[in-house]
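So the chains spell out like this:
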Amino acid sequence: MSFLSLSLQAPGAAEAAGWLGAAVYGEAQALPGAVHVPMPLLATSHTSLLHAWHCDGTLSEGRLGAVAYRRSEDFLFGVLSLPEAGRGMQALGFAAYRDIFACLEREGMPQLLRFWNYLPRINEAGGGMERYREFNVGRQDAFIEGSHPHLAGSPSACALGCGGDALVVYFLASRHAPLAIENPRQLSAWSYPQQYGPRAPTFSRASLLQLPAQEVLFISGTASILGHESVHPGDVAAQTQETLRNIEAVLSEANRRARHGSFAARDLTLKVFVRHAADVVAVQHVLETELGKDLNVMYLRADVCRAELLVEIEAFGFLGAAA
């Protein structure tokens, strides 16, 4: 019976053989099946932490183009890191996703569950527009060329600023199709007006994977946005509270479709991105006040995709087997 699980832990090579894949945050660690994301940790004594995805079944690994991957019968975890080397973010985003889609087609894993995108200098200008908006053009072009849903039904995702000089992308795919979940408090990202760039971001607010004995909820990077507009400028505590309201709205929509119980915010695994390191104290206070102190959470210093946004939160929930 297929299932997925996620662990948040300090790196250790002993466990790596059993990972479907992992991402190391903080200082780089040479671990098989893991990709390094150059992003400083906050509110922890660890120099490195990782998110490791696990699944049942025998694992194999391979490479196609820039994509290195591990897979089981039902799931595939892939990573790539593309140095910019004079290319713009539009070209880089297109090249990354073109290779990803070629890998998924060859491996028979057509269903996209979740993408993680990390762009150096995400809010800077490049190619006549903000680099994040450049990336959105290239990403969507690749979705269209590969005949993957780029509007309704697109996978959950995030896009954050990172260090280094390479676009880092990792992703989960499956033989099982997820349900796309939207947030009634927000305009769907793929419907954003052109004030946010010539191409809208290609992602759904969440993806709900329903397996025979388990459900997994992948909540996209979520911020202080109502409709399509950023709210509470300059107030990190208010932005965090608004972000939690958006997460609760996504949970309500997911729970309408869930078969194995209900997802609760306090039980989610959280990854919290804070634009200004000094703000982590205020963000942590809001989260612990609203959700409790015993949270499964990682705090990171990162630029959010809109310059006025001070915090972004992504989350993962599990019901049923291996929950």
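Everything here concerns the structure above.
Scope of this entry: the structure provided in the associated data block. (Residues numbered from 1 in each chain as written. Predicted model: local features only at pLDDT ≥ 70, side-chain atom pairs only at ≥ 80, totals over all residues. Heavy atoms only, no water.)

### Thoughts on the state of the cysteines
Each disulfide consists of one covalent bond between the sulfur atoms belonging to two cysteines.
No. 1: Under the defined criterion, the tally for this structure stands at zero disulfides.
No. 2: The closest cysteine sulfur to the non-disulfide-bonded C55 is located on C103, 15 Å from its own sulfur. (Disulfide = S-S within 2.5 Å.)

### Things to note about the side chain of S224
No. 1: Topologically, S224 is positioned in the loop between β16 (214-222) and β17 (225-226).
No. 2: Accessibility expressed as a relative area gives 0% for S224, which makes it buried.
No. 3: A distance of 2.9 Å separates a polar atom in the side chain of S224 from the backbone oxygen of V231.
No. 4: Once residues lying within four places of it in the same chain are set aside, the contact partners of S224 are E229, S230, V231, H232, Q239, E242, T243 and L309. (Helix = DSSP H or I, 4+ residues; strand = E, 2+ residues; numbered from the N terminus. Buried < 20%, exposed > 50% of the residue type's maximum accessible area, 1.4 Å probe, protein only. Polar contact = N/O pair within 3.5 Å; in protein donor to acceptor, adjacent residues only side chain to side chain. Contact = heavy atoms within 4.5 Å.)

### Re the pairing of strand β3 (residues 34-37)
No. 1: Taking every second residue as pointing to the same face, the buried face of β3 carries V35 and V37, while none of A34 and H36 on the other face is buried.
No. 2: For strand β2 (residues 21-26) and β3, the ladder comprises four bridges, and the chain directions are parallel. From the neighbouring strand, A23 faces β3, where its bridge partner is V35. (Pairing = 2+ DSSP bridges.)

### Topic: helix α1 (residues 89-107)
No. 1: With 19 residues, α1 should cover 27 Å at 1.5 Å per step; its first-to-last C-alpha distance of 27 Å lies within 8% of that length.
No. 2: Within the span of α1, buried status applies to M89, L92, G93, A95, A96, Y97, D99, I100, F101, C103, L104 and E107.
No. 3: Buried-residue contacts for α1 involve β6 (60-64), β7 (67-71), β8 (75-83), β9 (111-120), α2 (131-145) and β13 (166-174).
No. 4: Downstream of α1 by a residue or two, G108 has a phi angle that is positive, lying close to 65 degrees. (Expected span 1.5 Å × (residues − 1).)

### Some remarks on the pattern of salt bridges
No. 1: Counted according to the given criterion, the structure contains 17 salt bridges.
No. 2: With a closest N to O distance of 3.1 Å, R71 and E107 form a salt bridge. Taken together, the residues span a long stretch of sequence, with R71 in strand β7 and E107 in helix α1 at a distance of 36 residues.
No. 3: What makes R71 buried here is its relative accessible area of 15%.
No. 4: Between R98 and D99 there is a salt bridge, with its nearest N and O atoms 3.6 Å apart.
No. 5: On the basis of relative accessible area, R98 is assigned to the partly exposed category, the value being 41%.
No. 6: Residue D99 is classed as buried on the basis of its relative accessible area of 18%.
No. 7: Three or more residues joined by partner-sharing salt bridges are found here, namely E84, R121, E124 and R131. (Salt bridge = Lys/Arg side-chain N within 4 Å of Asp/Glu carboxyl O.)

### Topic: the packing of aromatic side chains
No. 1: This model, assessed by the stated rule, comprises 18 aromatic pairs.
No. 2: Consider the rings of F115 and F143, whose centres lie 6.3 Å apart with planes at 65 degrees: the pair is edge-to-face. With a gap of 28 residues between them, F115 in strand β9 and F143 in helix α2 connect regions that are remote in the sequence.
No. 3: Their ring planes at 10 degrees and their centres at 4.5 Å tell us that W116 and Y170 sit as a pair that is stacked. (Phe/Tyr/Trp six-rings, centres within 6.5 Å; stacked < 30°, edge-to-face > 60°.)

### Brief notes about the layout of surface pockets
No. 1: One number sums up the size of the largest pocket: a volume of about 320 Å³.
No. 2: Within the lining of the largest pocket, the residues separate by chemical class into 13 nonpolar, three polar and seven charged. (1 Å grid on protein atoms, 1.4 Å probe; cavity = no way out; pocket = protein on both sides within 12 Å on 5 of 7 lines; lining within 4 Å. Points joined across faces, edges and corners; volume = space filled by probe spheres on them. Nonpolar A, V, L, I, M, F, W, Y, C, P; charged D, E, K, R; others polar.)

### A few points about the sheet that holds β9
No. 1: In spatial order, the strands read β6-β7-β8-β13-β9-β12; together these six strands make up an open sheet with mixed pairing. The open sheet is flanked by β6 and β12 (156-162), the only strands paired with a single partner. Adjacent strand axes in the sheet meet at a mean angle of 15 degrees, parallel and antiparallel pairs treated alike.
No. 2: For β9 and β13, the ladder comprises seven bridges, and the chain directions are antiparallel. Following the sheet pairing, Q111 is matched in β13 by S174.
No. 3: Where α2 meets the sheet, it contacts β9, β12 and β13, and its direction lies at approximately 150 degrees from that of β9. (Axes fitted to C-alpha atoms, helices over the stretch in contact; angles between N-to-C directions.)

### Points about the sheet that holds β16
No. 1: One open sheet accounts for seven strands, arranged β4-β20-β19-β21-β16-β15-β14; its pairing is mixed. On the outer flanks of this sheet lie β4 (41-42) and β14 (179-181), each paired with one strand and no other.
No. 2: Strand direction decides the pairing type here: β16 and strand β21 (residues 311-320), joined by seven bridges, are antiparallel. Counted as the bridge partner of F218 is F316 from β21.
No. 3: Packed on one face of the sheet, helix α3 (residues 236-257) meets β14, β15 (206-210), β16 and β21 and runs near 150 degrees to β16.

### Focus: the nonpolar core
No. 1: Y25, M39, F115, Y118 and Y170 are the most contacted members of the largest nonpolar core, which has 74 residues in total.
No. 2: Broken down by element, this core gets its largest block of residues, nine residues, from α1.
No. 3: Each residue touching Y25, except ones within four places of it in the same chain, is listed here: V37, M39, L41, T47, S48, L49, Y118, Y170, K271, M298 and L300.
No. 4: Membership of the second largest hydrophobic core comes to 32 residues, among which are L217, V274, V280 and V286. (Core = buried A, V, L, I, M, F, W, Y, C linked by side-chain atoms within 4.5 Å.)

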